[in-house]
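Chain by chain, the residues:
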Amino acid sequence: MSKLKTHTTNYFDTFIQVAEDSPAKIGEIPPTKGSEKSVANIQFEMISEHPYQYTSDDVIFQTYATRQGFEKNELAAEREKFFSKGQPCLRASPLTKRYGWGVHSNSEGKVALYGRDSEEYEKYSADDKVDTVKAMRSKRA
């Protein structure tokens, strides 16, 4: 069996700033709507409850797996299949586009959230040792 080519969404020593067109002035906790968790809810819980524990790939895949309802024994194969195609990174996350959260990836690619109104957000935005990228805009310029 051939090994599938693996794509990644991971960044290293990088800070993803909030999208220019985000309406959020502060880091907002994504609201829950009904019993199904949204992409924003799943990502927010994973990253905010476990800062610097997961990579972007972990968060992106776990969000997908949760929404698909995979069993534990399916996860490894499904993850390989999932990353055989390119996937949108956290620059396209509703957290960075809509809810006012910056995402810092450390040297190991592990991520943490910082609200747009926080000191850490300002610190990472100005840090020369960290690459900064903007989140994707929601609307075309």
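Residues numbered from 1 in each chain as written. Predicted model: local features only at pLDDT ≥ 70, side-chain atom pairs only at ≥ 80, totals over all residues. Heavy atoms only, no water.

A. Representation of the sheet that holds strand β4 (residues 131–134) in the model. Spatial ordering of the open sheet is given by β3-β2-β1-β4, a layout of 4 strands whose pairing is mixed. Both edges of this open sheet fall to β3 (111–115) and β4, since each of them pairs with a single strand only. Each strand of the sheet is rotated relative to its neighbour by a mean of 20°, with strand direction disregarded. Where strand β2 (residues 101–105) meets β3, 5 bridges bridge the pair, whose relative direction is antiparallel. Opposite Gly102, over in β3, you have Tyr114 as the bridge partner. The sheet contacts of helix α5 (residues 119–126) involve β1 (14–17), β2, β3 and β4, and relative to β1 the element is tilted by about 120°. (Pairing = 2+ DSSP bridges. Helix = DSSP H or I, 4+ residues; strand = E, 2+ residues; numbered from the N terminus. Axes fitted to C-alpha atoms, helices over the stretch in contact; angles between N-to-C directions. Contact = heavy atoms within 4.5 Å.)

B. The packing of helix α1 (residues 39–49) against helix α2 (residues 56–68), seen in detail. At a minimum axis separation of 10 Å, α1 and α2 run at an interaxial angle of 130°. With respect to α2, the element α1 is oriented oblique. The hand of the α1/α2 crossing is right-handed. Two secondary-structure elements touch here, α1 through Val39, Ile42, Gln43, Met46 and Ile47 and α2 through Asp58, Val59, Ile60, Gln62, Thr63, Thr66 and Arg67. Among the residues making up the contact of α1 with α2, the classes are represented as 6 nonpolar, 4 polar and 2 charged. (Parallel < 35°, antiparallel > 145°, perpendicular 65-115°, else oblique. Left-handed = near helix turned anticlockwise from the far one by under 90°. Nonpolar A, V, L, I, M, F, W, Y, C, P; charged D, E, K, R; others polar.)

C. Broad picture of the layout of surface pockets. What the largest pocket holds in volume is close to 190 Å³. Around the largest pocket, the lining residues are Val39, Gln43, Ile60, Thr63, Tyr64, Arg67, Phe82, Pro88, Cys89, Ala92, Ser93 and Pro94. If you list the elements that add at least two residues to the lining of the largest pocket, you get α1 and α2. For the lining of the largest pocket, the element with the most residues is α2, which contributes 4 residues. Taken together, the residues of the lining of the largest pocket sort by class into 8 nonpolar, 3 polar and 1 charged. (1 Å grid on protein atoms, 1.4 Å probe; cavity = no way out; pocket = protein on both sides within 12 Å on 5 of 7 lines; lining within 4 Å. Points joined across faces, edges and corners; volume = space filled by probe spheres on them.)

D. Spatial organisation of the side chain of His104. Structurally, His104 can be placed in strand β2. Here the side chain of His104 touches Tyr52 through a polar contact of 2.7 Å, side chain to side chain. Filtering out sequence-adjacent residues up to four positions away, His104 remains in contact with Thr14, Phe15, Tyr52, Lys110, Val111, Ala112, Tyr114, Tyr124 and Val130. (Polar contact = N/O pair within 3.5 Å; in protein donor to acceptor, adjacent residues only side chain to side chain.)

E. Here's a closer look at the side chain of Thr63. Of note, Thr63 is situated in helix α2. Among the polar contacts listed, one links the side chain of Thr63 to the backbone oxygen of Val59, at a separation of 2.7 Å. Contact partners of Thr63, with chain neighbours within four places excluded, come to Val39, Ile42 and Gln43.

F. Structural context of the packing of α2 against helix α3 (residues 75–82). One way to put it is that α2 packs onto α3 with a least axis distance of 11 Å and a crossing angle of 110°. Taken together, the axes of α2 and α3 are roughly perpendicular relative to one another. At the point where α2 passes α3, the crossing takes the right-handed sense. Contacts between α2 and α3 pair Asp57, Asp58, Ile60, Phe61, Tyr64 and Ala65 from the former with Leu75, Glu78, Arg79 and Phe82 from the latter. Partitioned by chemical class, the residues of the contact of α2 with α3 number 6 nonpolar, no polar and 4 charged.

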